Each structure stands twice: as C-alpha cells, then as structure tokens.
Amino acid sequence: MDAGRRNRDASSRGGRTNTAGFPDDPSQEPDPFGSACQPDPPYKGTLFSKRGRTWLEAQPLAEDQRRVVLRHAGELDRLGGELAQIDKCLAQTALQEPRVKRLMTITGVDVTVALSIVAAVGDIERFSSPEKLVSYFGLNPRVRQSGDKPAYHGRITKQGRAHARSMLVEAAWVISGVPGPLRAFFMRIRDKRGKHVAAVATARKLAVIVWHMLSKDEDYTWSRSALLDWKLRKLELTAGYPSHRGGRAKGSAAAYSNKSVRDSERETIGNAEEIYRRFVATWKQQSSEGGSGAAHEVRRS
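All right, on to the overall build of the chain then. Scanning the chain from terminus to terminus reveals eleven helices and two strands. Counted from the first residue to the last, the chain has its helices and strands arranged as α-α-α-α-α-α-β-β-α-α-α-α-α. Within the span of the chain, comprising 301 residues, buried residues form 30% of the whole. For the chain, restricting intrachain contacts to residue pairs at least 6 apart in sequence, the fraction spanning at least 24 positions comes to 52%. For the chain, the accessible surface area stands at approximately 20,000 Å², while carbon and sulfur atoms represent 53% of it.

Here is the structure:
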C-alpha cells in the first residue's frame, strides 16, 4: 500500500523535482547540477541584444553549461556578421537598380520584395501582358471546363517563381494594414472570401501593377514621398553610406520624422482609399441595375 501511495503521489506531482534538483519520479533524468544552478526567471526583453547578452552571461551556470552558451552565442555573432555583409551587398546593388527604387514607391514593398521581383522578372519585355506576368508568378486560378459547360475557377496554380510569389503575398499582408486603394481592395475581398484569399488576390493585383510600372517606367500613383525617402535613406545606411546624424543640415529622410508630414500623407492616401470604395459601390449599383433590367427583358420576351 505504501508503494502504491508513493507512485500515486509521484504521478500527481507531474514529475516535479525536489529541492536537491532530482526528480520525484525515478524514471526521469536527474539534474546533476541541482536547483542552485537553475537560471533566474526568463529575460523579458530581447535576449540577444546587448543588454540581454550581459544578462545571459551573468546567470549562475555551471562552467560546462556556460561554455556551451558562449559557444552558441559566438556562432550567432558570426552568422549575424555574415548576414550583415550580405545585406550590405544587396543594398549596394539595389541603389544602382532604378527598377528596385521604382517598385519601392509602393507602400508595403521594401527592398527585399523589390529585389526578389526584379530578379525573377528580368526583362519586363518578355511578358506581353499583365496576365503573362501573373501566370509566371503562379497567381492565376486553375480553370476547368468540360464541353460547353461553364468554366470552373479553382485555386491558384502555384506554378512559376515560388519565391517571388511568396514575396508578393508578404507585401499584400503589409498593404492590408496601411491606408490606400490596395487596402480597400483587400478588405473588399476579405469580406466576401476571407483574409487568406484576399491576400492572394492582392498579390495578384500587385503583379498587375508591377507590370504596368516596369513597362511604362512610371512610379506608383499613390506613393508617399516622405516614406520613400526614409526607405531609401535606410537602404543607404545599410549599404555603408556615412551617417550625418547630429549635423546642422537636415538629411533626405528628415521629413518622415515629422508627425504632421506623416499624418498629411496618410490623409491623402486615405482619401484615395475612400474614393476607391465609392467607385466600387457605384459600380456594384450600376451592375445590379443593369442585370435586373436584362432579366426583365428576358422575361418579357
């Protein structure tokens, strides 16, 4: 009876350890360092920031555990340095590519998305129409049709450049949270089909916009100039350009730090979003009226 009671007590405790650091359940692995070597409560900030690293190194760990932590932290530093060098090379390439700067005029498209699209597209003259580019990204729906029956449109084909397609979808998610006509488009599809379908539809719309921008050498109509200057300045700093912080002359991205400028740009883009909503509402009303009239004609005949 005593043995059964001990087993029930161990199972009810869920494998907790005692004060010496050994588990109550003999089937679990013991902690050879005991509770005295357990670290403090988890760090609330960013663990691998400068302060987080200082906190991590000050934890009461056994010597072999400390060596493991420091070895992994050093590996993260090495990989971080290599990634920073890659980002620098990509930023230098982007600054020399006018098409990347042009695509960055779209709010929600950063240098990573723009570079991915330009690398995937190459010469835009390879695509004679926006539909060709959409198909190249695999964002066009599957179509099934038998005989003279109506065509069935299914999910997107996902054939083509998968990386560029994923970048467009990521940009669509960002666009869904910032004011502009594209957000109104996203919300219109979301209310009918859900947010995931809306993200793919917005990515397809972006592909069409990209084709027109690159084919006609035109920037995005609803570009935010202060935001674009800020993105380009951030790109310059990543590329290794000198920083002029603290100087008397204002930098190229100084306007974006002004809240009134940001609010003014948002208001302008918000007006464009409202105009798009009104246009869609009017278009739906006219389509509904036209459809009902046609139906009455059929009935009268």
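Attention now goes to the side chain of Arg233. Counting through the fold element by element, Arg233 comes out in helix α10 (residues 225-238). In terms of polar contacts, Arg233 uses its side chain to reach the backbone carbonyl oxygen of Pro242, at 2.9 Å. If sequence neighbours within four positions are ignored, Arg233 has contacts with Tyr241, Pro242, Ser243, His244, Ser252 and Ala253.

Right, let's get into the nonpolar core. Leu103, Ile106, Ile117, Leu133, Phe137, Leu139 and Leu168 are the most contacted members of the largest nonpolar core, which has 43 residues in total. Broken down by secondary-structure element, the contributors of at least two residues to this core are α3 (63-95), α4 (98-103), α5 (111-121), α6 (130-136), α7 (162-175), α9 (195-216) and α10. For this core, the element with the most residues is α9, which contributes eight residues. Residues within four places of Leu168 in sequence aside, it is in contact with Ile117, Phe137, Leu139, Ala203, Leu206 and Ala207. Counting five residues, the second-largest nonpolar core is a separate cluster that includes Phe186, Ile189, Ala198 and Ala199.

When you line up the elements, Arg190 lands in helix α8 (residues 181-193). Expressed as a C-alpha distance, the spacing of Arg190 and Ala201, which sit eleven residues apart in the sequence, is 9.5 Å. Ignoring sequence-local partners within four residues, the contact set of Arg190 consists of Lys195 and Ala198.

For the rest of this paragraph, the subject is the side chain of Arg224. Within the fold, Arg224 resides in the loop between α9 and α10. For Arg224, a relative accessible area of 6% puts it in the buried group. Apart from residues lying up to four places away in sequence, Arg224 is in contact with Thr105, Thr107, Tyr256, Arg262, Glu265, Arg266 and Ile269.

Attention shifts here to α5. Three or four residues apart is the spacing at which side chains of an α-helix point the same way, because the helix has 3.6 residues per turn. Most of α5 sits inside the fold, with eight of its eleven residues counted as buried. All of the buried residues in α5 are Val113, Ala114, Leu115, Ser116, Ile117, Val118, Ala120 and Val121. On the buried face of α5, the contacting elements are α3, α4, α6, α7 and α9. At the exit of α5 stands Gly122, carrying a positive phi of roughly 70 degrees.

Attention now moves to a nonpolar patch on the surface. Together, Leu83, Ile86 and Leu90 line one region of the surface with nonpolar side chains, adding up to about 280 Å² of accessible area. Along the chain, the position of Ile86 falls in helix α3. Look at Ile86 and you get partly exposed, because its relative accessible area is 47%.

Applying the stated rule across the entire model yields five aromatic pairs. Ring geometry for Phe127 and Tyr136: centres 5.0 Å apart, planes at 55 degrees, overall tilted. On the basis of relative accessibility, which here comes to 8%, the residue Phe127 falls in the buried class. A relative accessible area of 21% means that Tyr136 is categorised as partly exposed. The rings of Phe127, Tyr136 and Phe137 are connected pair by pair, giving a single aromatic cluster. Against the face of Phe185 rests Lys205, its NZ or CZ located 4.8 Å from the ring centre.

Residues shown with low pLDDT carry predicted positions that ought not to be read at fine detail. When pLDDT is averaged along the chain, the result is 81; 77% of the residues meet or exceed 70. Overall, residues 5-24 carries pLDDT values under 50, and its contacts beyond four positions in sequence, including any with other chains, amount to 22 contacts. Across residues 292-301, where pLDDT falls below 50, the model places zero contacts with residues more than four positions away in sequence or in other chains.

Conventions used here
Residues numbered from 1 in each chain as written. Predicted model: local features only at pLDDT ≥ 70, side-chain atom pairs only at ≥ 80, totals over all residues. Heavy atoms only, no water. Helix = DSSP H or I, 4+ residues; strand = E, 2+ residues; numbered from the N terminus. Buried < 20%, exposed > 50% of the residue type's maximum accessible area, 1.4 Å probe, protein only. Contact = heavy atoms within 4.5 Å. Areas by Shrake-Rupley, 256 points an atom, 1.4 Å probe, with all protein chains shown as cover. Polar contact = N/O pair within 3.5 Å; in protein donor to acceptor, adjacent residues only side chain to side chain. Core = buried A, V, L, I, M, F, W, Y, C linked by side-chain atoms within 4.5 Å. Patch = residues over 30% accessible without salt bridge, like charges linked within 9 Å, V, L, I, M, F, W, Y side chains within 5 Å. Salt bridge = Lys/Arg side-chain N within 4 Å of Asp/Glu carboxyl O. Phe/Tyr/Trp six-rings, centres within 6.5 Å; stacked < 30°, edge-to-face > 60°. Lys NZ or Arg CZ within 6 Å of the ring centre and 35° of its normal. pLDDT = per-residue confidence, 0-100.

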